[in-house]
Structure formats: C-alpha cells, structure tokens
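In case you want the letters, here they are:
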Amino acid sequence: RYARGTLLHDIGDAAFADGRYADADGAYRAAEPLLDADVENRRALSLLLTSRGRLERAHGYPDRARPFYERALALQQATSYDDGISQTLNALAVLHQLEGRDIEARDLLRQVVERYAGSAPPWRAHIMRLNAAAAMLRVGDVDDAVAALDAYQAAGGDAQLGVIHRLPEVDILLAAGRLTRALAVADALVDGAEQEALAGEFRAQAHLRRATVLQRLARPSAALDDLARASAQWEAMRRTLTASDF
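The rules behind the values
- Residues numbered from 1 in each chain as written.
- Predicted model: local features only at pLDDT ≥ 70, side-chain atom pairs only at ≥ 80, totals over all residues.
- Heavy atoms only, no water.
- Helix = DSSP H or I, 4+ residues; strand = E, 2+ residues; numbered from the N terminus.
- Expected span 1.5 Å × (residues − 1).
- Buried < 20%, exposed > 50% of the residue type's maximum accessible area, 1.4 Å probe, protein only.
- Contact = heavy atoms within 4.5 Å.
- Lys, Arg positive; Asp, Glu negative; His and termini not counted.
- Salt bridge = Lys/Arg side-chain N within 4 Å of Asp/Glu carboxyl O.
- Polar contact = N/O pair within 3.5 Å; in protein donor to acceptor, adjacent residues only side chain to side chain.

Peer 1: Help me get a handle on helix α7 (residues 122–138), residues and values and all.
Peer 2: Taking 1.5 Å of rise per residue, the 17 residues of α7 would be expected to cover 24 Å, and the 25 Å separating its terminal C-alpha atoms lies within 8% of that figure. Among the 17 residues of α7, 12 are classified as buried, and the element is accordingly described as predominantly covered. Taken together, the buried positions of α7 are Arg 124, Ala 125, His 126, Ile 127, Met 128, Leu 130, Asn 131, Ala 132, Ala 133, Ala 134, Ala 135 and Met 136. In this fold, the buried residues of α7 make contact with α5 (82–98), α6 (102–116), α8 (142–154), α9 (157–160) and α10 (163–175). The first or second residue beyond α7 is Gly 140, which carries a positive phi of 90°.

Below is the structure:
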C-alpha cells in the first residue's frame, strides 16, 4: 500500500507541476485510500493531504483546501514531523492571503521562519524566508521586506531556488525601486520557466512579473508582449482544470 500510494502521489505531483490538474486530482484520489489504510506511515498520508489542499488552493478554493491542511497538520504534529509542519503552516498562510487575512499570514510565516528555518534543509529555509518577506510586503512593511530579501540573497537563496519559488523577488525589488535588478531577475525567471518547461501557470506569472517591471520602465510595447504571452498561457490552461472547476 505504501509503495503504491507514494508512487501515485508522485505521479500526481508530476502532473500538477506540468499543469495537468485533472490528472493530478485523479492520482491523488487513487493514492489516498492506500495511504490512509497504511497506519504505520502517517507522514506519507500527511504529505498527500497537503498536495490535495494545494490543488484546491491553486483553483482558488481556500474553503475546500483548509480541511486537507488541517488533517495533514494534525498527523504531522502527532508524529513530530517538523518538515511537514513547516510546509503545511506555509500553505495555511497562503490560504490566509487568499482570504484577505494578510496580517495573520505575515505573523504565521514569521513564526515558521523563527521555529523551523534553522533546522530545515537550506533550500527550504530560503523558501520560508522569501515567503515571509513577500508577506511583509503585502501588509506594507516595505523596509522589513527589503531587509529580509537582502538577507535571503546574501545567503544565496536566489542562486539555489527555482523559478517556482522566486517570483516574489520581483515584487519586493519593484517596491524598493530597484528596477534594473527587478528586470534582470524577471528576465531570468522567464528564461528559466521556458527552459524548464514549467506549467503554464508559472510561465504566465513570470511573464506577468516582467510586464510589470517593463511598464515601470516606460516600455509599454514590451510589457504588452509579455501580457499577451501570460494571457495565452492562462487560456491554454482551461483544458487542464479539475472537473469541478471547468
């Protein structure tokens, strides 16, 4: 059960990363009864539940995502699974943001950094710190967000993380008025998204970030080109949505 369930989970995650959300949903649903029946591997079930919540969150349904995250967190706390707890708390902070509860999201992400960044793998610690910086920006703490970004970059976070996680860098650099650096990062994210053949959502977000920078640099034609590419990516995603979100 464990082997079959975790392999199905991996298949679902690969489909999610590829933007094939309906396929991801099917794999996750097939994996859950297998892992739920394997009482010796509660951590594996908790990670699957986190993925199921992420899928609902990606479709814009925080109310449907929250029960998955809450079940995952209970299992992780029961098994002292710190790495899993940090992932789930980060996901819950994203739900707070979707619901307009930005201050709660910032406070929760700060707690995650303080409690778990020191013991987490370096790449995950970088994600924690960058997400916390982005949350600071959302509530208007620009100076704190810039300071957090500087610390993240000094620790090599921007060199170690992939496109999926680096999008907030552009937002913070824009807020700081560092337009040249923001454009360089946005260029790198667009190039990386294309080279890694990331899902349409991430390519669209990279183009959207660059368009925003180009607009600030008074280059509207180039900005419109990126916006058109982002729009095309989102339109192409329609056929990959879950059945409940067609």
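Next comes the rest of the description.
Peer 1: Can you lay out the side chain of Arg 203 for me, pointing to particular residues and giving the numbers?
Peer 2: Relative to the elements of secondary structure, Arg 203 occurs in helix α12 (residues 200–216). For the buried residue Arg 203, which engages in no salt bridge, the nearest side chain bearing the opposite charge is Glu 194, 4.1 Å off. In this structure the side chain of Arg 203 is engaged in a polar contact, spanning 3.2 Å, whose partner is the side chain of Gln 233.

Treat this as a map of the structure, not an account of what it does.
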